[in-house]
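Listed here are the chains, written in short residue letters.
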Amino acid sequence: MNLFEYVRPASLAEAIAAGAAPGAAFLAGGTNLLDLMKGGIARPSRLVDLTRLPGLGAIERGPEGGVRIGALVRNADLAHDPDFAQRFPAVAEALLSGASAQLRNAATVGGNLMQRTRCAYFYDPASACNKRDAGAGCAARGGERRLAAVLGASEQCIATHASDFCVPLAALDAVVEIAGAAGTREVALEDFHLLPGATPERESVLAPGELILAVRLPAAAAAFARHARYLKLRERTSYAFAVVSAAAALRIEAGAIVEGRIALGGVAAKPWRARGAEAVLSGQKPERALFRRAAEAALAEARPVGDNGFKIELARRIVARALALAAAGTPARLPALPASPFAPVPGGPHG
Amino acid sequence: MPQVSLTVNGKRHTVEVETRTLLVELLREKLGLTGTHVGCDTSQCGACVVHVDGTSVKSCTFLAVQADGASVTTIEGLAAADGTLHPMQAAFREHHALQCGFCTPGMVMSAIDLVNSHKERMSEAEIRHGLEGNLCRCTGYHNIVKAVAAAQEVMHGRAQAAE
Ligand SMILES: Cc1cc2nc3c(=O)[nH]c(=O)nc-3n(C[C@H](O)[C@H](O)[C@H](O)COP(=O)(O)OP(=O)(O)OC[C@H]3O[C@@H](n4cnc5c(N)ncnc54)[C@H](O)[C@@H]3O)c2cc1C
Ligand code: SF4
Ligand code: FES
Ligand code: FES
């Protein structure tokens, strides 16, 4: 790891000023940044430790029933907050299907949004990577592409965003509060991460010096609490990043879906909201054939990279399954053990 | 060089470190507490787990400067002064939950945090999920899960410690 200057600002203004300098990086839990520094992938000349800033560590219930989650709230504390898990169960489930207990104890909300891709070539300084070194080329293109993005990829980059947490946040219309030298602004979580296009080195809308203050969920997101799940498929049954994942949330009244929400993980450089699939659900009776149609719509624009077409079919099945789980109802005990893609689907044969 | 003041296993220390010094390096190299192991050095395996202010973290992905002012507990801080083992240590011995022992300090520290944060009895599935951040290449996990299941009864006052 390179040597660096370590600063611990006492106020937000100091943090923003210190973080705007060239070569500076914000440090929160450190669970992603320190690994990148050990590998020489990130070489910041200054670390600006945010963890002692006042006012960023609270989970606050909003006046109309939404929630505001401070950027420094630990992933574990959020998942285990009883009121939060009751009202936003799919978010708690997604948090608990990511990383491990010790990592969730250190990892923060802001850091989770900002975590870097897990593309293996990005982690290998000997490989060409446009994200690490703009214009260098993309070793993944002609290399091992099994896990590459099937939606929104570009010639320059085919990496995916690795966060589980962001997937239900995208489905539930979360908003990111951002602070910078010019004041504060808000961006929908759906628009916070950028698709790679010709500039894969730019991953979010944050400008240098800007930091995440909080993530908000609107009151309307809690209306899905009785039918909201997160389902993650990995290459082993625990402790791995998603091959594909899906958050599904339904509002069911008098036996019909009033409103449905779907977002996918592991398929693109950002959490992927599937609005076209949501439209398929509206006003319909929740049943397997409908869920399969919604899943087809969710992946309608997906394109394989190399031979990873299998991911598209897996993503369809995970969407259909997540919808079936959501229709069957949120588990009574919260936060639940994360759903298994291998358990039988309620109300249907295995598969 | 920055100074870090922290409490480790109940004892205050003030140590000079480089900014890039990891907590596990501070513990092993500056304080001689080599019970905390380094397996992967990339936050995967869990051999380096210690408690910082009562919760488990991977000390290979935690800067020493981040622990400034904190209270740290390592495997060396668990047994009583007279040598009486912590109920989790006793359960690991009783249930043969270790073979080579490399993963054991991290496994024990993770298991204690897991039990502390689950007052209700955990099922086998919950224990397995709770320990997913700790890799063991010897035991096949089976006896570790049994040890944790037994220790939770003792730690929550539902049974007596193993002799
Ligand atoms: C072994 C392992 C397995 C994992 N498995 C999963 C998984 O299955 N699913 C999953 O979702 N995640 C997984 N993770 C990733 C983990 O969730 C992230 O490392 C974590 O959320 C990052 O949070 P942090 O606070 O530690 O961030 P840091 O490492 O401190 O920072 C990460 C990035 O965010 C920036 N940053 C932090 N806070 C802010 C802020 N407030 N404003 C602006 N920028 C900020 C930093 O500058 C840095 O660039 C895994 C990590 C490891 C090491
Ligand atoms: S896919 Fe993106 S992150 Fe991976 S090597 Fe190519 S440019 Fe880099
Ligand atoms: S040495 Fe820290 S997790 Fe492996
Ligand atoms: S006992 Fe050998 S690695 Fe676990």
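The rules behind each value
Residues numbered from 1 in each chain as written. Chains lettered and ligands numbered in written order. Predicted model: local features only at pLDDT ≥ 70, side-chain atom pairs only at ≥ 80, totals over all residues. Helix = DSSP H or I, 4+ residues; strand = E, 2+ residues; numbered from the N terminus. Rg over C-alpha atoms; globule rule 2.2 N^0.38 Å. Buried ≥ 20, exposed ≤ 12 C-beta atoms within 10 Å, placed from the backbone. Domains from an automatic or database assignment. Pairing = 2+ DSSP bridges. Axes fitted to C-alpha atoms, helices over the stretch in contact; angles between N-to-C directions. Contact = placed C-beta atoms within 7 Å. Nonpolar A, V, L, I, M, F, W, Y, C, P; charged D, E, K, R; others polar. Near = placed C-beta within 6 Å.

The next subject is the overall build of chain A. Summing up its helical and strand segments, chain A has twelve helices and twelve strands in all. Computed over its C-alpha atoms, the radius of gyration of chain A comes to 20 Å, within 12% of the 20 Å expected for a compact globule of 351 residues. For chain A, the spread of C-alpha atoms along the principal axes amounts to about 60 × 50 × 35 Å. Going through the 351 residues of chain A one by one, you find that 51% of them count as buried.

With that settled, consider the domain arrangement of chain A. The domains assigned to chain A are domain 1 (5–49) and domain 2 (223–328). Between domain 1 of chain A and domain 2 of chain A, the C-alpha centre-to-centre distance is 36 Å.

This part takes up the sheet that holds strand β2 (residues 24–27) of chain A. Strands belonging to one sheet form pairs held by backbone hydrogen bonds; the direction of such a pair is parallel or antiparallel. Residues and elements named next belong to chain A. Spatial ordering of the open sheet is given by β1-β3-β2, a layout of three strands whose pairing is parallel. With partners counted over all chains shown, the strands left at the sheet margins are β1 (5–7) and β2, one partner each. Along the sheet, successive strands turn relative to each other by an average axial angle of 25°, direction set aside. As defined by bridge partners, β1 adjoins strand β3 (residues 46–49) across three bridges and the pair is classed as parallel. In the sheet register, Y6 faces β3, and the bridge partner there is L47.

What follows concerns the interface of chain A and chain B. Contacts between the two partners involve 21 residues from chain A, matched on the other side by 27 residues from chain B. Looking at the side of chain A that touches chain B, the elements with two or more residues in it are β1, α2 (33–38) and α6 (101–106) of chain A. When residues in the side of chain A that touches chain B are grouped by element, the largest group, five residues, is from α6(A). Residues of the side of chain A that touches chain B, tallied by class, amount to ten nonpolar, seven polar and four charged.

Our next topic: the site of ligand 1. Around ligand 1 sit 32 residues in total, of which A:G29, A:G98, A:G110, A:G111 and A:M114 are the nearest. Ligand 1 sits at a junction of chains, with neighbouring residues supplied by chains A and B. At the level of secondary structure, the elements contributing two or more residues to the shell around ligand 1 comprise β2, α2, α6, α7 (109–114) and β8 (211–217) of chain A. Of all the elements, α7(A) adds the most residues to the shell around ligand 1, at four residues. Tallied by class, the residues present in the shell around ligand 1 amount to 17 nonpolar, 13 polar and two charged.

With that settled, consider the sheet that holds strand β2 (residues 11–16) of chain B. Residue and element names in this part refer to chain B. Across the sheet, five strands lie side by side as β2-β1-β5-β3-β4; this open sheet has mixed pairing. Among the strands making up the open sheet, the edge pair consists of β2 and β4 (55–58). Across the sheet, the mean angle separating the axes of adjacent strands is 40° when strand polarity is ignored. In this sheet, β2 lies alongside strand β1 (residues 3–8) in antiparallel orientation, the contact comprising six bridges. Across the sheet, residue L6 finds its bridge partner in β2, namely H13.

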